[in-house]
Amino acid sequence: MTAPFDDLSTFRVLLAERPGPDTAAIAAAEARDAQLTKPAGALGRLEELAIWYAGWRGDARPRMERPQVAVFAGNHGVVARGVSAFPAAVTAQMVGNFEAGGAAVNQLAQAFGARMTAHPIDLDRPTGDFVEGPAMSEAELVDALAIGWNAVDPEADLFVAGEMGIGNTCSAAAIAHALEGGRAEDWTGRGTGVDDAGLARKTEAVAQGVARIAGEKDPLEVLRQLGGREIAAMAGAILAARHHRIPVILDGFICCAAALVLHRAAPGALDHAVAGHQGAEAAHARLIDALGKSPLLSLGLRLGEASGATLAIGVLKGAIACHSGMASFAEAGVSDG
Ligand SMILES: Cc1cc2ncn([C@H]3O[C@H](COP(=O)(O)O)[C@@H](O)[C@H]3O)c2cc1C
Ligand SMILES: O=C(O)c1cccnc1
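Residues numbered from 1 in each chain as written. Chains lettered and ligands numbered in written order. Predicted model: local features only at pLDDT ≥ 70, side-chain atom pairs only at ≥ 80, totals over all residues.

1. With respect to the overall build of the protein
Regarding its fold elements, the protein presents 14 helices and five strands. Against the compact-globule benchmark of 20 Å for 337 residues, the protein has a radius of gyration of 20 Å, which places it among compact chains. Each principal axis of the C-alpha atoms in the protein carries an extent, and together these give about 70 × 40 × 40 Å. The 337 residues of the protein split such that 52% are buried. Taking all contacts inside the protein whose residues are at least 6 apart in sequence as the whole, residues at least 24 apart take part in 80%. (Helix = DSSP H or I, 4+ residues; strand = E, 2+ residues; numbered from the N terminus. Rg over C-alpha atoms; globule rule 2.2 N^0.38 Å. Buried ≥ 20, exposed ≤ 12 C-beta atoms within 10 Å, placed from the backbone. Contact = placed C-beta atoms within 7 Å.)

2. Comments concerning the site of ligand 2
Around ligand 2 sit 13 residues, and of these G252, F253, E281, R302 and G304 come closest. Looking at the shell around ligand 2, its residues break down into three nonpolar, seven polar and three charged. (Near = placed C-beta within 6 Å. Nonpolar A, V, L, I, M, F, W, Y, C, P; charged D, E, K, R; others polar.)

3. A closer look at the sheet that holds strand β3 (residues 158–164)
The parallel open sheet is built from five strands, whose spatial order is β2-β1-β3-β4-β5. Looking at strand neighbours, the two that pair on one side only are β2 (115–120) and β5 (273–275), the edges of this open sheet. The average undirected angle you get between the axes of adjacent strands in this sheet is 25 degrees. One ladder, built from three bridges, connects strand β4 (residues 248–250) with β5; its direction is parallel. Residue pairing for β5: L250 is matched across the bridge by A275. Packed on one face of the sheet, helix α4 (residues 89–100) meets β1 (67–73), β2 and β3 and runs near 155 degrees to β2. With respect to the sheet, helix α13 (residues 307–325) is in contact with β1, β3 and β4, its orientation differing from that of β3 by roughly 160 degrees. (Pairing = 2+ DSSP bridges. Axes fitted to C-alpha atoms, helices over the stretch in contact; angles between N-to-C directions.)

4. As for the site of ligand 1
Around ligand 1, the surrounding shell holds 19 residues, and the nearest of these are S84, T169, G191, T192 and G304. Elements that contribute at least two residues to the shell around ligand 1 include exactly α4, β3 and α7 (168–180). For the shell around ligand 1, the element with the highest residue contribution is α7, accounting for three residues. Considering only residue class, the shell around ligand 1 consists of nine nonpolar, eight polar and two charged.

5. Considering the packing of α7 against helix α11 (residues 253–265)
For any two helices packed against each other, the geometry comes down to the angle between their axes and how far apart the axes lie. At their nearest, the axes of α7 and α11 sit 9 Å apart, and the two run at 30 degrees to each other. In terms of orientation, α7 lies roughly parallel with respect to α11. Two packed elements cross with a definite hand, and for α7 against α11 that hand is left-handed. Contacts from N168, T169, A172, I175, A176 and L179 in α7 reach F253, I254, A257, L260, V261 and R264 in α11. Class assignment for the residues of the contact of α7 with α11 results in nine nonpolar, two polar and one charged. (Parallel < 35°, antiparallel > 145°, perpendicular 65-115°, else oblique. Left-handed = near helix turned anticlockwise from the far one by under 90°.)

6. Brief notes about α7
Since the α-helix packs 3.6 residues into each turn, any two residues three or four apart lie on the same face. Its 13 residues place the ends of α7 18 Å apart at the C-alpha level, agreeing with the 18 Å of an ideal helix rising 1.5 Å per residue. Most of α7 sits inside the fold, with 12 of its 13 residues counted as buried. Among the residues making up α7, those that are buried are N168, T169, C170, S171, A172, A173, A174, I175, A176, H177, A178 and L179. Looking at the packing, one finds that the buried side of α7 touches β3, α8 (196–212), α9 (219–226), α10 (229–243), α11 and α12 (284–290). (Expected span 1.5 Å × (residues − 1).)

7. Considerations on the environment of R63
Tracing the backbone shows R63 in the loop between α3 (45–57) and β1. Each C-alpha atom, one on R63 and one on D157, is 8.5 Å from the other, the two residues being 94 residues apart in sequence. When residues no more than four places from it in sequence are discounted, the contact partners of R63 are I320 and S324.

Listed below in C-alpha coordinates is the structure:
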(Lines give C-alpha, C1' and ligand atoms only; values in the text may rest on other atoms or scores of the structure.)
(Ligands and ions follow the chains in the order given, each with its own letter.)
Protein backbone atom coordinates (compact mmCIF):
# COMPACT_ATOMS: atom_id res chain seq x y z
CA MET A 1 0.00 0.00 0.00
CA THR A 2 1.04 3.61 -0.29
CA ALA A 3 1.60 5.60 2.87
CA PRO A 4 -0.87 8.50 3.22
CA PHE A 5 1.94 10.99 3.92
CA ASP A 6 4.97 12.30 2.12
CA ASP A 7 6.11 14.84 4.67
CA LEU A 8 6.60 14.97 8.41
CA SER A 9 3.74 17.36 9.11
CA THR A 10 1.21 14.94 7.60
CA PHE A 11 2.73 12.12 9.64
CA ARG A 12 2.24 14.29 12.74
CA VAL A 13 -1.46 14.71 11.86
CA LEU A 14 -1.83 10.92 11.49
CA LEU A 15 -0.22 10.52 14.90
CA ALA A 16 -2.56 13.06 16.49
CA GLU A 17 -5.75 11.82 14.82
CA ARG A 18 -5.90 8.09 15.40
CA PRO A 19 -8.83 5.70 15.59
CA GLY A 20 -9.69 4.24 18.99
CA PRO A 21 -11.04 0.81 19.87
CA ASP A 22 -14.66 -0.27 19.33
CA THR A 23 -16.25 0.34 22.73
CA ALA A 24 -19.35 -1.75 21.91
CA ALA A 25 -17.10 -4.74 21.09
CA ILE A 26 -15.26 -4.22 24.39
CA ALA A 27 -18.54 -4.19 26.34
CA ALA A 28 -19.78 -7.31 24.52
CA ALA A 29 -16.46 -9.11 25.08
CA GLU A 30 -16.57 -8.23 28.80
CA ALA A 31 -20.09 -9.63 29.00
CA ARG A 32 -19.00 -12.82 27.22
CA ASP A 33 -15.97 -13.20 29.48
CA ALA A 34 -18.22 -13.06 32.54
CA GLN A 35 -20.25 -16.07 31.27
CA LEU A 36 -17.40 -18.46 30.45
CA THR A 37 -16.93 -21.70 32.40
CA LYS A 38 -14.30 -20.56 34.90
CA PRO A 39 -14.27 -18.66 38.17
CA ALA A 40 -14.34 -14.91 37.48
CA GLY A 41 -10.84 -13.66 36.69
CA ALA A 42 -9.29 -17.13 36.81
CA LEU A 43 -7.59 -16.69 33.44
CA GLY A 44 -5.83 -13.64 34.83
CA ARG A 45 -4.28 -11.38 32.26
CA LEU A 46 -5.45 -13.61 29.41
CA GLU A 47 -8.95 -12.23 29.97
CA GLU A 48 -7.77 -8.63 29.73
CA LEU A 49 -5.76 -9.47 26.61
CA ALA A 50 -8.70 -11.09 24.84
CA ILE A 51 -10.98 -8.13 25.63
CA TRP A 52 -8.32 -5.67 24.46
CA TYR A 53 -7.91 -7.63 21.21
CA ALA A 54 -11.69 -7.78 20.71
CA GLY A 55 -11.89 -4.01 21.08
CA TRP A 56 -9.27 -3.27 18.43
CA ARG A 57 -10.66 -5.86 16.02
CA GLY A 58 -14.24 -4.64 16.56
CA ASP A 59 -15.40 -8.20 17.22
CA ALA A 60 -16.55 -9.51 20.62
CA ARG A 61 -15.62 -13.07 19.64
CA PRO A 62 -12.51 -12.61 17.51
CA ARG A 63 -10.08 -15.07 15.98
CA MET A 64 -6.45 -14.49 15.07
CA GLU A 65 -5.72 -15.97 11.67
CA ARG A 66 -3.27 -13.65 9.93
CA PRO A 67 -0.50 -12.53 12.28
CA GLN A 68 2.28 -10.62 10.53
CA VAL A 69 5.91 -10.14 11.56
CA ALA A 70 7.95 -7.50 9.68
CA VAL A 71 11.68 -7.17 10.34
CA PHE A 72 13.31 -3.88 9.27
CA ALA A 73 17.05 -3.56 8.80
CA GLY A 74 19.33 -0.53 8.75
CA ASN A 75 22.97 0.39 9.25
CA HIS A 76 24.39 2.96 11.65
CA GLY A 77 27.23 5.43 11.20
CA VAL A 78 27.95 5.34 14.93
CA VAL A 79 29.20 1.72 14.55
CA ALA A 80 32.57 3.13 13.39
CA ARG A 81 33.11 4.14 17.04
CA GLY A 82 33.32 0.50 18.15
CA VAL A 83 29.95 0.34 19.96
CA SER A 84 29.00 -3.22 18.90
CA ALA A 85 30.68 -6.60 19.30
CA PHE A 86 29.96 -7.31 15.60
CA PRO A 87 30.82 -5.55 12.31
CA ALA A 88 28.20 -3.65 10.30
CA ALA A 89 28.42 -6.26 7.51
CA VAL A 90 26.42 -8.65 9.74
CA THR A 91 23.26 -6.59 9.16
CA ALA A 92 23.11 -7.50 5.45
CA GLN A 93 24.28 -11.05 6.15
CA MET A 94 21.42 -11.52 8.59
CA VAL A 95 18.93 -10.14 6.05
CA GLY A 96 20.13 -12.98 3.78
CA ASN A 97 19.57 -15.36 6.67
CA PHE A 98 16.01 -14.01 7.21
CA GLU A 99 15.30 -14.48 3.51
CA ALA A 100 16.64 -18.04 3.62
CA GLY A 101 14.61 -18.89 6.74
CA GLY A 102 17.61 -19.48 9.02
CA ALA A 103 17.20 -16.89 11.79
CA ALA A 104 15.58 -17.39 15.19
CA VAL A 105 12.65 -15.20 14.21
CA ASN A 106 11.95 -17.36 11.13
CA GLN A 107 11.56 -20.38 13.36
CA LEU A 108 9.39 -18.54 15.89
CA ALA A 109 7.17 -17.06 13.17
CA GLN A 110 6.71 -20.52 11.69
CA ALA A 111 6.01 -22.03 15.11
CA PHE A 112 3.23 -19.51 15.78
CA GLY A 113 1.77 -19.37 12.27
CA ALA A 114 2.88 -15.85 11.41
CA ARG A 115 3.89 -14.58 7.98
CA MET A 116 7.30 -12.93 8.16
CA THR A 117 8.83 -10.38 5.81
CA ALA A 118 12.27 -8.70 5.85
CA HIS A 119 12.74 -5.07 4.82
CA PRO A 120 16.35 -3.95 4.36
CA ILE A 121 16.60 -0.15 4.11
CA ASP A 122 19.60 1.34 2.28
CA LEU A 123 22.06 -1.01 3.98
CA ASP A 124 24.96 0.27 1.92
CA ARG A 125 24.21 3.82 3.06
CA PRO A 126 24.53 3.90 6.88
CA THR A 127 22.96 6.76 8.80
CA GLY A 128 25.23 9.65 9.77
CA ASP A 129 27.24 9.23 12.98
CA PHE A 130 24.86 10.86 15.47
CA VAL A 131 27.75 12.04 17.65
CA GLU A 132 28.81 14.38 14.82
CA GLY A 133 25.50 15.41 13.27
CA PRO A 134 21.96 14.26 12.43
CA ALA A 135 21.58 10.57 11.63
CA MET A 136 19.03 11.32 8.90
CA SER A 137 17.75 14.22 6.84
CA GLU A 138 14.05 14.94 7.12
CA ALA A 139 13.48 13.32 3.71
CA GLU A 140 15.34 10.17 4.84
CA LEU A 141 13.25 10.03 8.01
CA VAL A 142 10.01 10.36 6.05
CA ASP A 143 11.17 7.63 3.63
CA ALA A 144 11.91 5.25 6.50
CA LEU A 145 8.58 5.99 8.24
CA ALA A 146 6.81 5.31 4.94
CA ILE A 147 8.67 2.03 4.35
CA GLY A 148 7.41 0.93 7.76
CA TRP A 149 3.87 2.09 7.07
CA ASN A 150 3.77 0.34 3.70
CA ALA A 151 5.06 -2.93 5.14
CA VAL A 152 1.90 -3.46 7.18
CA ASP A 153 -0.61 -5.77 5.52
CA PRO A 154 -4.02 -4.12 6.02
CA GLU A 155 -5.52 -7.64 6.10
CA ALA A 156 -3.29 -8.77 9.00
CA ASP A 157 -5.03 -9.25 12.35
CA LEU A 158 -1.90 -8.86 14.49
CA PHE A 159 1.31 -6.99 13.79
CA VAL A 160 4.81 -7.44 15.21
CA ALA A 161 7.67 -5.12 14.26
CA GLY A 162 11.26 -6.29 14.58
CA GLU A 163 14.69 -5.08 13.59
CA MET A 164 18.19 -5.98 12.55
CA GLY A 165 20.91 -3.32 12.61
CA ILE A 166 24.36 -3.68 14.09
CA GLY A 167 24.82 -0.80 16.55
CA ASN A 168 21.12 -0.15 16.98
CA THR A 169 21.06 -0.67 20.76
CA CYS A 170 23.33 2.41 20.85
CA SER A 171 20.90 4.43 18.75
CA ALA A 172 17.93 3.17 20.80
CA ALA A 173 19.70 4.09 24.06
CA ALA A 174 20.37 7.59 22.73
CA ILE A 175 16.69 8.06 21.80
CA ALA A 176 15.59 6.87 25.24
CA HIS A 177 18.14 9.07 27.01
CA ALA A 178 17.12 12.14 24.99
CA LEU A 179 13.41 11.61 25.68
CA GLU A 180 13.50 10.25 29.23
CA GLY A 181 16.52 12.02 30.74
CA GLY A 182 18.64 10.40 33.45
CA ARG A 183 22.25 9.54 32.65
CA ALA A 184 23.58 7.93 29.48
CA GLU A 185 24.64 4.85 31.44
CA ASP A 186 21.05 4.36 32.62
CA TRP A 187 20.15 3.51 29.02
CA THR A 188 23.14 1.68 27.57
CA GLY A 189 23.66 -2.07 27.81
CA ARG A 190 25.80 -4.75 26.22
CA GLY A 191 23.70 -5.37 23.10
CA THR A 192 25.41 -8.15 21.14
CA GLY A 193 27.83 -8.55 24.06
CA VAL A 194 30.29 -5.64 23.99
CA ASP A 195 33.11 -5.81 26.54
CA ASP A 196 33.68 -3.16 29.20
CA ALA A 197 35.71 -0.94 26.88
CA GLY A 198 33.02 -1.20 24.19
CA LEU A 199 30.30 -0.37 26.70
CA ALA A 200 32.29 2.69 27.80
CA ARG A 201 32.62 3.85 24.15
CA LYS A 202 28.91 3.26 23.63
CA THR A 203 27.92 5.22 26.73
CA GLU A 204 30.22 8.06 25.67
CA ALA A 205 28.69 8.12 22.18
CA VAL A 206 25.18 8.24 23.67
CA ALA A 207 26.17 11.04 26.08
CA GLN A 208 27.78 13.09 23.31
CA GLY A 209 25.01 12.56 20.79
CA VAL A 210 22.35 13.61 23.28
CA ALA A 211 24.45 16.58 24.46
CA ARG A 212 24.74 17.69 20.81
CA ILE A 213 20.95 18.10 20.63
CA ALA A 214 20.62 19.25 24.25
CA GLY A 215 17.09 20.26 25.12
CA GLU A 216 15.49 18.78 21.97
CA LYS A 217 12.25 17.19 23.14
CA ASP A 218 10.31 16.80 19.89
CA PRO A 219 10.26 13.01 19.62
CA LEU A 220 10.28 12.91 15.81
CA GLU A 221 13.22 15.32 15.71
CA VAL A 222 15.01 13.15 18.30
CA LEU A 223 14.34 10.17 16.02
CA ARG A 224 15.78 12.05 13.02
CA GLN A 225 18.85 13.12 14.97
CA LEU A 226 19.70 9.84 16.70
CA GLY A 227 17.63 7.54 14.59
CA GLY A 228 18.24 4.48 12.70
CA ARG A 229 16.19 3.86 9.58
CA GLU A 230 14.90 0.55 10.94
CA ILE A 231 13.83 2.30 14.16
CA ALA A 232 11.92 4.93 12.16
CA ALA A 233 10.37 2.18 10.02
CA MET A 234 9.13 0.38 13.16
CA ALA A 235 7.54 3.65 14.36
CA GLY A 236 5.83 4.12 10.98
CA ALA A 237 4.61 0.54 10.98
CA ILE A 238 3.21 0.71 14.53
CA LEU A 239 1.24 3.84 13.60
CA ALA A 240 0.00 2.25 10.37
CA ALA A 241 -1.25 -0.73 12.37
CA ARG A 242 -3.20 1.69 14.56
CA HIS A 243 -4.89 3.21 11.54
CA HIS A 244 -5.83 -0.30 10.31
CA ARG A 245 -6.96 -1.22 13.85
CA ILE A 246 -4.44 -4.04 13.93
CA PRO A 247 -3.23 -4.85 17.46
CA VAL A 248 0.55 -4.80 17.95
CA ILE A 249 2.94 -6.76 20.14
CA LEU A 250 6.10 -4.79 20.97
CA ASP A 251 9.45 -6.55 20.99
CA GLY A 252 12.76 -5.74 22.67
CA PHE A 253 14.72 -2.67 23.64
CA ILE A 254 15.04 -1.26 20.13
CA CYS A 255 11.40 -1.79 19.19
CA CYS A 256 10.39 -0.15 22.47
CA ALA A 257 12.60 2.87 21.67
CA ALA A 258 10.72 3.23 18.37
CA ALA A 259 7.43 2.95 20.27
CA LEU A 260 8.62 5.54 22.80
CA VAL A 261 8.86 8.13 20.01
CA LEU A 262 5.14 7.65 19.26
CA HIS A 263 4.20 7.53 22.95
CA ARG A 264 5.99 10.79 23.79
CA ALA A 265 4.69 12.51 20.66
CA ALA A 266 1.08 11.48 21.31
CA PRO A 267 0.09 9.92 24.63
CA GLY A 268 -2.27 7.03 23.93
CA ALA A 269 -0.61 6.28 20.59
CA LEU A 270 0.32 2.82 21.90
CA ASP A 271 -3.08 1.83 23.27
CA HIS A 272 -3.30 -0.78 20.49
CA ALA A 273 0.02 -2.29 21.61
CA VAL A 274 1.14 -4.64 24.39
CA ALA A 275 4.71 -5.31 25.53
CA GLY A 276 5.56 -8.84 24.38
CA HIS A 277 8.48 -9.44 26.67
CA GLN A 278 11.06 -7.96 28.96
CA GLY A 279 14.50 -8.91 27.79
CA ALA A 280 17.99 -8.91 29.25
CA GLU A 281 19.20 -5.64 27.70
CA ALA A 282 19.89 -3.56 30.80
CA ALA A 283 17.40 -0.74 30.26
CA HIS A 284 14.58 -2.68 28.62
CA ALA A 285 12.60 -2.85 31.87
CA ARG A 286 12.98 0.91 32.38
CA LEU A 287 11.85 1.55 28.82
CA ILE A 288 8.77 -0.67 29.16
CA ASP A 289 7.97 1.25 32.32
CA ALA A 290 8.26 4.56 30.47
CA LEU A 291 5.73 3.21 27.96
CA GLY A 292 3.35 2.43 30.83
CA LYS A 293 3.27 -1.25 29.85
CA SER A 294 3.94 -4.52 31.59
CA PRO A 295 5.52 -7.41 29.68
CA LEU A 296 3.78 -10.68 28.87
CA LEU A 297 6.96 -12.77 29.05
CA SER A 298 10.34 -12.49 30.74
CA LEU A 299 12.73 -15.09 29.38
CA GLY A 300 16.07 -13.31 29.36
CA LEU A 301 16.10 -12.84 25.58
CA ARG A 302 18.51 -10.28 24.15
CA LEU A 303 18.21 -10.86 20.46
CA GLY A 304 15.77 -8.42 18.90
CA GLU A 305 14.57 -9.46 15.38
CA ALA A 306 11.01 -9.47 16.82
CA SER A 307 11.85 -12.77 18.54
CA GLY A 308 10.28 -12.07 21.95
CA ALA A 309 7.16 -10.49 20.50
CA THR A 310 6.72 -13.38 18.06
CA LEU A 311 6.92 -15.81 20.95
CA ALA A 312 4.23 -13.78 22.72
CA ILE A 313 1.88 -14.36 19.76
CA GLY A 314 1.38 -17.77 21.37
CA VAL A 315 0.17 -16.17 24.60
CA LEU A 316 -2.24 -13.91 22.76
CA LYS A 317 -3.50 -16.80 20.62
CA GLY A 318 -4.16 -18.74 23.81
CA ALA A 319 -6.08 -15.83 25.30
CA ILE A 320 -8.22 -15.44 22.18
CA ALA A 321 -8.83 -19.19 21.84
CA CYS A 322 -10.16 -19.38 25.41
CA HIS A 323 -12.27 -16.25 25.08
CA SER A 324 -13.84 -17.13 21.73
CA GLY A 325 -13.96 -20.91 22.03
CA MET A 326 -14.97 -21.68 25.62
CA ALA A 327 -18.51 -22.63 26.52
CA SER A 328 -20.66 -20.45 28.76
CA PHE A 329 -22.05 -21.84 32.03
CA ALA A 330 -25.48 -22.09 30.38
CA GLU A 331 -24.18 -23.85 27.25
CA ALA A 332 -22.16 -26.39 29.24
CA GLY A 333 -24.74 -26.93 31.95
CA VAL A 334 -22.23 -25.98 34.61
CA SER A 335 -23.53 -24.34 37.78
CA ASP A 336 -22.31 -20.74 37.99
CA GLY A 337 -22.12 -20.83 41.78
C1 LIG B 1 24.31 -12.70 14.35
C2 LIG B 1 23.42 -11.66 14.95
C3 LIG B 1 22.02 -11.80 14.83
C4 LIG B 1 21.19 -10.83 15.40
N5 LIG B 1 19.87 -10.71 15.41
C6 LIG B 1 19.54 -9.65 16.08
N7 LIG B 1 20.63 -9.01 16.52
C8 LIG B 1 20.57 -7.84 17.38
O9 LIG B 1 21.86 -7.30 17.63
C10 LIG B 1 22.00 -5.98 17.11
C11 LIG B 1 22.07 -4.98 18.23
O12 LIG B 1 23.18 -5.13 19.07
P13 LIG B 1 24.41 -4.11 18.99
O14 LIG B 1 23.87 -2.74 19.22
O15 LIG B 1 25.34 -4.56 20.06
O16 LIG B 1 25.04 -4.25 17.61
C17 LIG B 1 20.79 -5.76 16.27
O18 LIG B 1 21.05 -6.13 14.94
C19 LIG B 1 19.76 -6.64 16.90
O20 LIG B 1 18.70 -6.95 16.04
C21 LIG B 1 21.70 -9.73 16.11
C22 LIG B 1 23.08 -9.58 16.23
C23 LIG B 1 23.95 -10.55 15.65
C24 LIG B 1 25.42 -10.38 15.78
O1 LIG C 1 16.22 -6.15 23.39
C2 LIG C 1 16.61 -6.12 22.22
O3 LIG C 1 15.84 -5.80 21.27
C4 LIG C 1 18.03 -6.45 21.88
C5 LIG C 1 18.97 -6.67 22.87
C6 LIG C 1 20.25 -6.96 22.52
C7 LIG C 1 20.61 -7.05 21.20
N8 LIG C 1 19.71 -6.84 20.27
C9 LIG C 1 18.42 -6.55 20.59
